[in-house]
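# Secondary and tertiary structure notes
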Amino acid sequence: MAAEKDLVITEGGGKKKLLLIAGGAGLLVVIAIVAFFMLSGGSGQTGQSAGADGAKASADGSTEAKGTALYVPLPRPFVFNVPGAARDRMVQIKVQLLVRGKNNETLAMRHIPLIEGSLLSTFSSGNADELVTVAGRDALKNKALSDLQQAMIEVVGSVVVDEVLFTGFVMQ
């Protein structure tokens, strides 16, 4: 007799289940819509500032759109000798380039030999005593970026590379 009470199904439970399922489906739709707008960057919104749009002001005051940040790894690390006060040192630097947009990524990939030559020339002109310090490495990185951008302007007609990143630095 106790077993019969356990198996009794009450009437009216179907409407509650239907409401729960409909509510869950509605919640999923709302979450999907919110996720879509958050992942798309909300480009359809009005009242955004130029900074939020990803536009930057160039030196002449005009604005140009920044592209997506992409990283171009150089195929080989740079290995070179630098003179020091006490002795010469061997340095190995692994480099990646920060570029903006697919077009600049394609240009950087196409001109890898030019990029490697420019960077090697800049790196090998360094001094071991300077490269020991963080400030010296930062100065070398900034000089490498400047020299690389100048070389790319001469060949391609645009800057192409936004930043030179050291992903590995070993000095012996």
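Let me begin by describing the structure that accompanies this report. If you're wondering where the values come from, they're calculated on a predicted model, not measured in any experiment. (Residues numbered from 1 in each chain as written. Predicted model: local features only at pLDDT ≥ 70, side-chain atom pairs only at ≥ 80, totals over all residues. Heavy atoms only, no water.)

### Re the overall build of the protein
Counting its regular elements, the protein contains seven helices and six strands. When the helices and strands of the protein are listed from N to C terminus, the series reads α-α-α-β-β-β-β-β-α-α-α-α-β. Within the span of the protein, comprising 172 residues, buried residues form 22% of the whole. Of all intrachain contacts in the protein linking residues separated by at least 6 positions in sequence, the fraction that spans at least 24 positions is 65%. (Helix = DSSP H or I, 4+ residues; strand = E, 2+ residues; numbered from the N terminus. Buried < 20%, exposed > 50% of the residue type's maximum accessible area, 1.4 Å probe, protein only. Contact = heavy atoms within 4.5 Å.)

### Focus on the side chain of Ser-118
By the element assignment, Ser-118 lies in helix 5 (residues 112–124). Judged by relative accessible area, Ser-118 falls into the buried class, the value being 13%. Sequence-distant contacts of Ser-118, defined by excluding residues within four places in its chain, comprise Asp-147, Leu-148 and Ala-151.

### What about the environment of Ala-108?
The residue Ala-108 is located in helix 4 (residues 102–110) in this model. When its relative accessible area of 0% is taken as the criterion, Ala-108 is described as buried. On a C-alpha basis, the gap between Ala-108 and Pro-73 in space is 9.9 Å, while along the polypeptide they are 35 residues apart. Those residues in contact with Ala-108 that lie beyond four places of it in its chain are Val-72, Val-99, Ile-115 and Val-160.

### Here's the deal with the packing of helix 4 against helix 5
Running from N to C, helix 4 and helix 5 cross one another at 70 degrees; their axes reach a closest spacing of 5 Å. Between helix 4 and helix 5, the crossing angle belongs to the class labelled roughly perpendicular. Together, Ala-108, Met-109 and Arg-110 of helix 4 and Ile-112, Pro-113 and Ile-115 of helix 5 make up the contact between the two elements. Its residues assigned to classes, the contact of helix 4 with helix 5 shows five nonpolar, no polar and one charged. (Axes fitted to C-alpha atoms, helices over the stretch in contact; angles between N-to-C directions. Parallel < 35°, antiparallel > 145°, perpendicular 65-115°, else oblique. Nonpolar A, V, L, I, M, F, W, Y, C, P; charged D, E, K, R; others polar.)

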